[in-house]
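As a plain string of letters, each chain reads:
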Amino acid sequence: MRKVTATALGLAMMAAVLSSPADAAWRDLAEVSGVDADDMLKMRAGPGTGFLVIVGLPNGTLVRVHNCQRTGATRWCDVALDQAPGLRGFVSDAYLTHK
């Protein structure tokens, strides 16, 4: 468990360091919604449930959508946190309300 947590933290830190003002060309603001009250939307390292979970996002979290793609029956969006744009990963579009 510690290895998974350390890996997730390392990926988040790398994303924060590697982000630049050029990455700020976001096309959409969205809000996390529809997640059960006792759960969080999992932001993953890639577009699918087989990828490492980076962080959990509660309802109401604002994200900036970079792009979306379909993997199987699910549409996955590459997003960054609105308040921490260096933290970037993939979430299911089914739990996003686009602004």
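Reference entry: report on the structure contained in this document.

Here the focus is the overall build of the protein. Per the secondary structure count, the protein includes 1 helix and 7 strands. Secondary structure elements of the protein occur, N-terminal to C-terminal, as α-β-β-β-β-β-β-β. Residue burial in the protein is summarised as follows: out of 99 residues, 33% are buried. Put simply, 57% of the contacts in the protein that link residues at least 6 apart link residues at least 24 apart.

With respect to the element layout, S92 can be found in strand β6 (residues 88-92). Beyond its immediate sequence surroundings of up to four residues, S92 is in contact with L41, T74, R75 and W76.

It is worth spelling out the pairing of strand β1 (residues 28-32) at this point. Residues D28, A30 and V32 of β1 are buried on one face, while the alternating residues L29 and E31, pointing to the opposite face, are not. When β1 meets strand β4 (residues 62-71), the two strands line up antiparallel, connected through 4 bridges. By the bridge assignment, L29 is partnered in β4 with R64. Both β1 and strand β7 (residues 96-98) contribute to a ladder of 3 bridges, which runs antiparallel. The residue of β7 that forms the bridge with E31 is T97.

Looking now at the environment of D78. Inspection of the secondary structure assignment puts D78 in strand β5 (residues 74-81). The class of D78 is buried, set by a relative accessible area of 9%. On a C-alpha basis, the gap between D78 and A45 in space is 9.4 Å, while along the polypeptide they are 33 residues apart. In this structure the side chain of D78 is engaged in a polar contact, spanning 2.8 Å, whose partner is the side chain of R88.

The rules behind each value
- Residues numbered from 1 in each chain as written.
- Predicted model: local features only at pLDDT ≥ 70, side-chain atom pairs only at ≥ 80, totals over all residues.
- Heavy atoms only, no water.
- Helix = DSSP H or I, 4+ residues; strand = E, 2+ residues; numbered from the N terminus.
- Buried < 20%, exposed > 50% of the residue type's maximum accessible area, 1.4 Å probe, protein only.
- Contact = heavy atoms within 4.5 Å.
- Pairing = 2+ DSSP bridges.
- Polar contact = N/O pair within 3.5 Å; in protein donor to acceptor, adjacent residues only side chain to side chain.

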